[in-house]
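# Coordinates in review
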Amino acid sequence: MNASSTEFVFQPLAPASLPIAGQEARFPVHRAFCVGRNYEAHAKEMGNEVDRSAPFYFMKSAHHIALAAGEQPIAARTDNYHYEVELVMAVGRGGRDIAEAEALDHVYAYAVGLDMTRRDLQANAKEKGRPWDTAKNVESSGLVSVLQPASAGFDPNQGEIGLEQNGRLAQKADLSEQVWRPAEIIADLSTYYCLQPGDLIFTGTPAAVGAVAPGDRLTGWIDGLARFDLTMV
Ligand code: MN
């Protein structure tokens, strides 16, 4: 039985997808993995130590990913909805136990994104030893710029990453400050999951995360990638 002949009791959602610079076809999103504590200064501001023995991960649902543009909703049930600007990798070729030396060959495109977070719920979850889902896997919380194909030659190991809030510099760091380099993340993550084309990987945020208010304009960038510009409502 092929997909076109499958009958469903209701119409399934169309795949979540993101636009790609310079082409009509879109990138279909399968899963979104996020790395925690990948910049020392951010771990410190959260009151944590970086665990250098291994990165850790959490996830966002594919349909919680949206293009970082236009108006974006501030989530319900939080008094402290935070921005986290991050490098995002879009996997184009899957695999399990991917060697670090070949890891970046699996990246189809790069982008700059926001891992929006209910910080108050996350703090509560940490305190109680509960999962982070309601803090992190939030509708419209994975905001991603237009994807730039890796074939353009972007180096994910260096370059300025930054975020402005209402024209004020909010976050600024360099990708060289990442605790785990993008290739190491892919190699490690692929020992837990068989990576699939369509997977996104949010690689963690630098220091100086903060809360948004209605009407805030957020502008994010990574040197060599697309910029994004959006308004929180
Ligand atoms: Mn994050």
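In this report, we go over the structure that sits alongside the text. Only a predicted model underlies this, so the values are computations on that prediction, with no experimental measurement involved.

### Side note on the coordination of the manganese ion
In an ideal tetrahedron of four donors about a metal, each angle is 109.5 degrees. In an ideal octahedron of six donors, the angles are 90 or 180 degrees. Bound to the manganese ion on the protein side are Glu84 (OE), Glu86 (OE) and Asp115 (OD), at distances that span 2.0 to 2.1 Å. Read in sequence order, the donor residues coordinating the manganese ion give the pattern E-x1-E-x28-D.

### Points about the pairing of strand β9 (residues 107-115)
For β9, a buried count of eight out of nine residues is recorded, marking the element as mostly surrounded by other parts of the structure. Sheet analysis places strand β8 (residues 85-91) next to β9, joined by seven bridges and oriented antiparallel. Its bridge partner being in β9, Met89 is matched across the sheet by Tyr110. Where β9 and strand β11 (residues 142-144) come together, three bridges link them in antiparallel fashion. Of the residues in β11, the one forming a bridge with Leu114 is Leu143.

### Here's the deal with helix α2 (residues 119-128)
Within the span of α2, buried status applies to Arg119, Gln122 and Ala125. The buried residues of α2 occupy an angular sector of 120° when the element is viewed end-on, so they sit on one face. Elements in contact with the buried residues of α2: α1 (40-45), β7 (81-83), β10 (117-118) and α3 (133-136). Downstream of α2 by one or two residues, Gly129 has phi in the positive range, about 70°.

### A word on the sheet that holds strand β18 (residues 228-232)
Pairing in this open sheet of five strands is mixed, and the strands run β6-β18-β17-β13-β14 from one edge to the other. Where the open sheet ends on each side, the last strands, each with one partner, are β6 (69-72) and β14 (168-174). Averaged over all neighbouring strand pairs, the angle between strand axes comes to 15°, with direction disregarded.

### Here we look at the packing of aromatic side chains
For the coordinates displayed, the defined rule picks out six aromatic pairs. Aromatic pair Phe58 and Trp132: ring centres 5.6 Å apart, planes at 55°, arrangement tilted. On the criterion of sequence distance, the pair formed by Phe58 in strand β4 (residues 56-60) and Trp132 in the loop between α2 and α3 is long-range, its members being 74 residues apart. Judged by relative accessible area, Phe58 falls into the buried class, the value being 11%. Residue Trp132 is classed as buried on the basis of its relative accessible area, which comes to 18%.

### Examining the pattern of salt bridges
The final tally for this structure, using the stated rule, is eight salt bridges. A salt bridge links Lys136 to Glu84, with the nearest nitrogen and oxygen atoms 3.2 Å apart. Of the two residues, Lys136 sits in helix α3 while Glu84 sits in the loop between β7 and β8, which places them 52 residues apart along the sequence. Using a relative accessible area of 3% as the deciding quantity, one classes Glu84 as buried. Between Lys136 and Asp115 there is a salt bridge, with its nearest N and O atoms 2.9 Å apart. Here the residue Lys136 occupies a position in helix α3, and Asp115 occupies one in strand β9, the gap between them amounting to 21 residues. For the pair Lys136 and Asp115, one class covers both residues: buried.

### Observations regarding the environment of Glu139
One can find Glu139 in the loop between α3 and β11. Glu139 sits in the exposed class, given a relative accessible area of 61%. Considered as a pair, Glu139 and Lys128 are 11 residues apart in the sequence and their alpha carbons are 23 Å apart. Here Glu139 is in contact with His64 and Tyr81, once residues within four sequence places are set aside.

### Digging into unusual backbone geometry
The phi dihedral of Arg37 is positive, around 50°, even though this residue is not glycine. Positionally, Arg37 belongs in the loop between β3 (32-36) and α1. Its identity is not glycine, yet Ala208 carries a phi of approximately 75°, on the positive side. Within the secondary structure layout, Ala208 lies in the loop between β15 (200-202) and β16 (210-211).

Conventions adopted
One numbering rule holds for all chains: residues counted from 1, following each sequence as written. Where local features are concerned, this predicted model is filtered to residues with pLDDT of at least 70; where side-chain atom pairs are given and counted, the filter is 80 or more; whole-chain, interface and lining totals use all residues. The side-chain numbers reported here are obtained from all heavy atoms of the structure, hydrogens and water having been left aside. Here a donor is any nitrogen, oxygen or sulfur atom (N, O, S) within 2.8 Å of the metal, with 3.2 Å used for Na, K and Ca; water is not among the atoms considered, so some sites may look incomplete. Think of it in three bands: residues with accessible area under 20% of the maximum for their type are buried, residues over 50% are exposed, and the middle band is partly exposed, with areas taken using a 1.4 Å probe on protein chains only. What counts as a helix is a DSSP run of H or I of at least four residues, what counts as a strand is a run of E of at least two, and both are numbered from the N terminus. Pairing between strands requires that DSSP locate at least two bridges from one strand to the other. Comment: arc refers to directions from the helix axis out to C-beta atoms. We call two residues in contact whenever any of their non-hydrogen atoms come within 4.5 Å of each other. Axis geometry follows a simple rule: fit a line to the C-alpha atoms, using only the stretch in contact for helices, then measure angles between N-to-C directions, giving values from 0 to 180 degrees. In summary, the pairing rule links any two rings of Phe, Tyr or Trp, Trp by its six-membered ring, whose centres are within 6.5 Å, and it sorts them by plane angle into stacked for under 30 degrees, edge-to-face for over 60 and tilted for everything else. Salt bridge criterion: a side-chain nitrogen from Lys or Arg within 4 Å of a carboxyl oxygen from Asp or Glu.

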